[in-house]
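So the chains spell out like this:
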Amino acid sequence: MVEKQKANLSSDGHRQRIREKFLSNGAASLADYELLEAYLTIAIPRKDVKPLAKLLIAQFGSFAEVINASTTELLAVSGVGENTVFALKIVAEAAKRMAWENLKNKDEPVIADMDSLIDYCRMSMAYQDVEEFRLIYLNVKNRVIAEETQQKGTINHVSIHPREVVKSALDKNASAIIMVHNHPTGDTTPSKADIEVTKKVREALASMNILLHDHLIISKYGCYSFRNAGLLL
């Protein structure tokens, strides 16, 4: 009983040090496992969570990869239960929603700050285990008005249908769109099929006076822009 009380006091003192470090020096002063530990102290209030935080970082590699890991992967880690998974998924969803609101509420055209769009896309798509195809809809001032997930595929393929892209753009009354899909393999190099279908979509949209502003390929490690590569000139 005495040993347990000593352990609790030691844990409480450590939590206080983490809290003070965060409040005094900001989140950037914490290593990934410390930031995760700080959050887990709220999700699991009566347990020393430092070993679990270190285990999760060792297993998945980073804070971002922990909160974006699948429920099955997380539950396979010793010490992780449904409540912990629920807490981690709340963080991931909150980050995505904040990034989307920041993007949608910008007064300037999205093309003037593509980094914000790329940050949102990486946050919401880069950690998917299958390819996903999305459309970002822009108004006449090139401001974001909506987004839509068009298709989900396999680890290395997703179908893109030009006719459906045009129909969706017309339904949203968009003046321009940005196509986005992810590569779970990590390599953002476009395939021959990616290049060909992008050309077909651009031509189909142009026939309706809708601009294909860009096609982005997203991964955990980077982003490929068709426009920057000169493929949409």
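Our structure's up above, just so we're on the same page.
On a predicted model such as this, the values are computed, not experimentally measured, just so you know.

Q: Looking at this structure, I do not really get the pairing of strand β3 (residues 176-182). What am I missing?
A: One face of the sheet, then the other: side chains in a regular strand alternate in exactly this way. Here β3 lies mainly inside the structure; seven of its seven residues are buried. By the alternation rule, side chains of β3 split into A176, I178, V180 and N182 and I177, M179 and H181, which are all buried. Judged from the seven bridges that link them, β3 and strand β4 (residues 211-219) form a sheet pairing that is parallel. From the neighbouring strand, I177 faces β4, where its bridge partner is L212. Handedness of the crossover joining β3 and β4 through helix α9 (residues 192-206) is recorded here as right-handed.

Q: Would you explain the pairing of β4 in this entry?
A: Of all nine residues in β4, eight are buried; the element is thus mostly enclosed. With four bridges connecting them, β4 and strand β5 (residues 222-225) associate as antiparallel partners. The residue of β5 that forms the bridge with S219 is G222. Turn length for the β4-β5 hairpin, with the two strands adjacent in sequence and antiparallel, is two residues.

Q: What's the story with the side chain of N68 in this structure? I'm lost.
A: Along the chain, N68 falls in helix α4 (residues 63-68). Reaching out from N68, the side chain makes a polar contact with the backbone oxygen of A64 at a distance of 2.8 Å. Beyond its immediate stretch of four places on either side in the chain, N68 contacts K89, A92, K96, M123 and Y127.

Q: Looking at this structure, how should I read the packing of aromatic side chains?
A: Centre distance and the angle of the planes are the two values used to describe a pair of aromatic rings. The final tally for this structure, using the stated rule, is two aromatic pairs. Where W100 meets Y120, the ring centres are 5.3 Å apart and the plane angle is 45°; that geometry is what we call tilted. Highlighted residues: W100 in helix α6 (residues 82-104) and Y120 in helix α7 (residues 114-125), separated in sequence by 20 residues. A relative accessible area of 14% places W100 in the buried class. Its relative accessible area of 5% is what places Y120 among the buried residues. Ring plane angle 85° and centroid distance 5.6 Å describe the contact between Y224 and F226, whose orientation is recorded as edge-to-face. According to the relative accessible area criterion, F226 is buried, its value standing at 1%. Sitting above the plane of the Y33 ring, K54 keeps its charged end 4.9 Å from the centroid.

Q: Explain unusual backbone geometry to me, please; I cannot follow it from the model alone.
A: Glycine aside, residues mostly have negative phi angles, and peptide bonds mostly take the trans form. Notably, N142 is not glycine yet its phi reads approximately 60°, a positive angle. Topologically, N142 is positioned in the loop between β1 (132-138) and β2 (144-152). Phi is positive for N173, close to 55°, though the residue is something other than glycine. As for its placement among the helices and strands, N173 is situated in the loop between α8 (162-171) and β3. With a relative accessible area of 65%, N173 lands in the exposed category.

What counts, and at which threshold
Residues numbered from 1 in each chain as written. Predicted model: local features only at pLDDT ≥ 70, side-chain atom pairs only at ≥ 80, totals over all residues. Heavy atoms only, no water. Buried < 20%, exposed > 50% of the residue type's maximum accessible area, 1.4 Å probe, protein only. Helix = DSSP H or I, 4+ residues; strand = E, 2+ residues; numbered from the N terminus. Pairing = 2+ DSSP bridges. Right-handed = clockwise from strand over helix to strand, strands pointing away. Polar contact = N/O pair within 3.5 Å; in protein donor to acceptor, adjacent residues only side chain to side chain. Contact = heavy atoms within 4.5 Å. Phe/Tyr/Trp six-rings, centres within 6.5 Å; stacked < 30°, edge-to-face > 60°. Lys NZ or Arg CZ within 6 Å of the ring centre and 35° of its normal.

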